[in-house]
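The lines below spell out each chain.
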Amino acid sequence: MSIPQSGGGMIESYDDLVTFFEKGCKPKDAWKIGTEHEKFGYCKDTLKPLPYAGERSIKAILESLQDRFGWNPIFEGEHLIGLELNGANISLEPGGQLELSGAPLDTIHQTCDEVNEHLREVQSVSDEIGARFIGLGMAPHWTHDDMPLMPKGRYKLMDAYMDRVGTTGTQMMRRTCTVQVNLDFGSEADMVQKFRAALALQPVATALFANSPFKEGKLNGHKSWRSYIWRHLDPARTGMLPFVFEDGMGFERYVEYALDVPMYFVYRDGKYINALGQSFRDFLKGKLPALPGEKPTLSDWADHLTTIFPEARIKQYMEMRGADGGPWRRLCALPAFWVGMMYDQNALDAATDLFKDWTPEFREELRVAASVDGLQAEVGGVKMIDLARECVTISEAGLVARGREGAGGLVPNETHFLNAVKDSLETGKAPADELIERFEDDWNGDVTRVFGEFSY
């Protein structure tokens with residue numbers, strides 16, 4: 001989850017909210033790629049999640065990364081809650097999941113180098129204290145009570161609110177991990193086309209990267225339980241956003257949507273002020289119960305936007321949010337999948353043709369089916385694996401057209417980063433399918449075997 005936003009003065013008018021998004025528009029030659037991924041830390045001998053503090057802890061790992069690799073600390077009060085270096089951030093999810101929010105970079109070659117360097121650093125410091133990390137979409141056998149809540153005011157407020165608005169919010173906070181990519185848009189029209197493609201085709205990413213078939217040591221009946229969790233978290237701030245596909249979609253329409261999402265908090269002087277369920281519209285009028293008479297800043301608006309959780313969302317860039325966290329080699333496949341479709345106009349047009357006739361009901365059914373059946377899903381005669389093949393073909397063509405070289409020109413483009421998902425298409429198996437097979441056969445129902453075979 002995001003660290004507090006900064007910068008930006010007082011909101012003078014409604015137009016400032018729209019302008020905030022408009023300032024995200026960039027010329028194509030300035031488009032960047034930002035990859036984020038989360039992973040679970042655990043004690044190697046006990047297989048229990050890492051606590052926040054102690055000799056073997058999340059805090060100890062952050063301190064070692066700071067001391068050995070030059071990362072700069074981020075504090076909330078007295079608590080070390082993250083690190084930053086050269087435009088990248090390392091932050092803590094509510095249950096102690098460690099997240100890298102990568103710097104905005106030009107190519108997938110660069111962002112993959114960044115991911116690999118980060119994982120090598122984390123591996124080196126965690127090995128020294130008997131800790132390891134694993135990439136899964138859902139904690140394999142830990143219960144709610146096993147997972148520590150990190151000492152961040154934002155999380156304390158959210159934790160208290162989640163069970164009032166849905167049934168799976170605390171599971172999301174403590175026991176899930178994702179990998180996502182953040183991409184730019186060139187104009188309002190470009191944003192709309194990309195946003196529609198991102199939402200409509202997000203179930204394909206869910207199916208290709210499905211990696212959460214376990215819950216509390218047993219099979220949970222889904223290929224992506226993490227996706228199930230998001231569907232039952234809070235209908236006011238999640239979902240497939242049908243309005244995005246309607247006439248008149250643009251920055252102003254997204255502002256209207258965001259204003260109607262209930263608030264979580266306001267950040268002031270290093271503290272999170274409880275604004276749970278309150279209205280940003282009231283805040284604009286100076287009538288927010290949490291801060292009577294005070295009006296919001298653009299930082300407050302930016303903070304509020306981080307509390308909205310649809311399958312794809314916009315800030316001053318676009319986030320693809322539908323994929324489960326996964327093994328090392330798949331972390332670079334996710335940005336490749338989306339960059340290929342989004343950063344070449346012919347590819348984006350071809351992707352748009354795939355879903356141009358879909359109804360809101362079909363898009364939602366596809367989302368549900370991806371969660372349950374993954375690549376084996378079928379909705380209305382459309383087979384997910386066939387749809388995934390079409391998407392990957394389009395993405396590959398887009399990456400070829402981009403022609404971004406790597407390794408000093410020895411690698412002509414970025415298409416090899418799709419190899420992990422191409423393997424899934426050849427076998428018909430996403431990571432979840434492989435985990436289920438291992439659980440039922442080689443592991444004889446012992447989910448803890450996943451740690452020995454799938455950790456970083």
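The coordinates are above.
Quick caveat, the model's predicted, so the values are computed rather than measured.

Participant: A description of the pairing of strand β7 (residues 178-183) should follow, citing residues and the corresponding values.
Facilitator: In terms of burial, β7 is largely enclosed, as six of its six residues are buried. Relative to strand β15 (residues 318-324), β7 is paired through five bridges, and the arrangement is antiparallel. Bridge pairing in β15 links Val179 to Ala323.

Participant: An account of the packing of aromatic side chains is requested, with residue identities and associated values reported.
Facilitator: To describe a pair of aromatic rings, one takes the distance between the centres and the angle between the planes. This model, assessed by the stated rule, comprises 27 aromatic pairs. With 5.7 Å between their ring centres and 80 degrees between their planes, Tyr161 and Tyr264 make a pair best called edge-to-face. Residue Tyr161 is located in helix α4 (residues 153-165), and its partner Tyr264 is located in the loop between α8 (251-259) and β11 (265-268); the two are separated by 103 residues in the primary sequence. Across the pair, exposure class does not vary: Tyr161 and Tyr264 are buried alike. On the numbers, 5.3 Å between centres and 50 degrees between planes, the contact of Phe214 with Phe439 is tilted.

Participant: Lay out the packing of helix α11 (residues 333-342) against helix α14 (residues 384-402) in plain terms, naming residues and giving numbers.
Facilitator: Interhelical geometry of α11 versus α14 gives an angle of 70 degrees and a closest axis separation of 7 Å. In terms of orientation, α11 lies roughly perpendicular with respect to α14. Contact residues: Ala336, Phe337, Val339, Gly340 and Met341 in α11; Cys391, Val392, Ile394, Ser395, Gly398, Leu399 and Arg402 in α14. Broken down by class, the residue content of the contact of α11 with α14 amounts to eight nonpolar, three polar and one charged.

Participant: Describe a negative patch on the surface, with residues and values.
Facilitator: A surface patch of negative charge is lined by Asp15, Glu22, Glu188 and Glu252. Looking at the secondary structure, you find Asp15 in helix α1 (residues 14-22). Judged by relative accessible area, which is 52%, Asp15 ranks as exposed.

Participant: Please set out the environment of Glu55 residue by residue, giving values where relevant.
Facilitator: Checked against the element boundaries, Glu55 lands in the loop between β1 (33-43) and α2 (58-69). Note on Glu55: relative accessible area 76%, which makes it exposed. Expressed as a C-alpha distance, the spacing of Glu55 and Lys152, which sit 97 residues apart in the sequence, is 20 Å. Not counting residues up to four positions away in its chain, the partners in contact with Glu55 are Ala60 and Ile129.

Participant: So what about helix α16 (residues 431-440)? Which residues, and what values?
Facilitator: Buried within α16 we find Pro431, Ala432, Asp433, Leu435, Ile436 and Phe439. Considering only its buried residues, α16 is in contact with α6 (188-208), β8 (214-215), β9 (218-219) and α17 (449-454).

Participant: Outline the pairing of strand β12 (residues 271-274), supporting the account with residue identities and numerical values.
Facilitator: With four bridges joining them, β11 and β12 adopt antiparallel strand pairing. Note on β12: the bridge partner recorded for Val266 is Ile273. Two successive antiparallel strands, β11 and β12, enclose a turn made up of two residues, where Asp269 displays a positive phi of approximately 50 degrees.

Participant: With reference to specific residues and values, describe the pattern of salt bridges.
Facilitator: Side-chain pairs of opposite charge can arise whenever the charged atoms involved come near each other. Taken as a whole and assessed by the stated rule, the structure comprises 28 salt bridges. Among the salt bridges present, the one from Lys194 reaches Asp190, with a minimum N-O distance of 2.9 Å. A residue pair is termed a helical-turn pair when its members lie 3 or 4 positions apart in one helix, as Lys194 and Asp190 do in helix α6 at four residues. Accessibility classification places Lys194 together with Asp190 in one group, the buried group. The partner of Lys223 in a salt bridge is Asp433, and the shortest N-O contact between them spans 2.7 Å.

Criteria and thresholds
Residues numbered from 1 in each chain as written. Predicted model: local features only at pLDDT ≥ 70, side-chain atom pairs only at ≥ 80, totals over all residues. Heavy atoms only, no water. Buried < 20%, exposed > 50% of the residue type's maximum accessible area, 1.4 Å probe, protein only. Helix = DSSP H or I, 4+ residues; strand = E, 2+ residues; numbered from the N terminus. Pairing = 2+ DSSP bridges. Phe/Tyr/Trp six-rings, centres within 6.5 Å; stacked < 30°, edge-to-face > 60°. Axes fitted to C-alpha atoms, helices over the stretch in contact; angles between N-to-C directions. Parallel < 35°, antiparallel > 145°, perpendicular 65-115°, else oblique. Contact = heavy atoms within 4.5 Å. Nonpolar A, V, L, I, M, F, W, Y, C, P; charged D, E, K, R; others polar. Patch = residues over 30% accessible without salt bridge, like charges linked within 9 Å, V, L, I, M, F, W, Y side chains within 5 Å. Areas by Shrake-Rupley, 256 points an atom, 1.4 Å probe, with all protein chains shown as cover. Salt bridge = Lys/Arg side-chain N within 4 Å of Asp/Glu carboxyl O. Lys, Arg positive; Asp, Glu negative; His and termini not counted. Charge placed at Lys NZ, Arg CZ, Asp CG, Glu CD.

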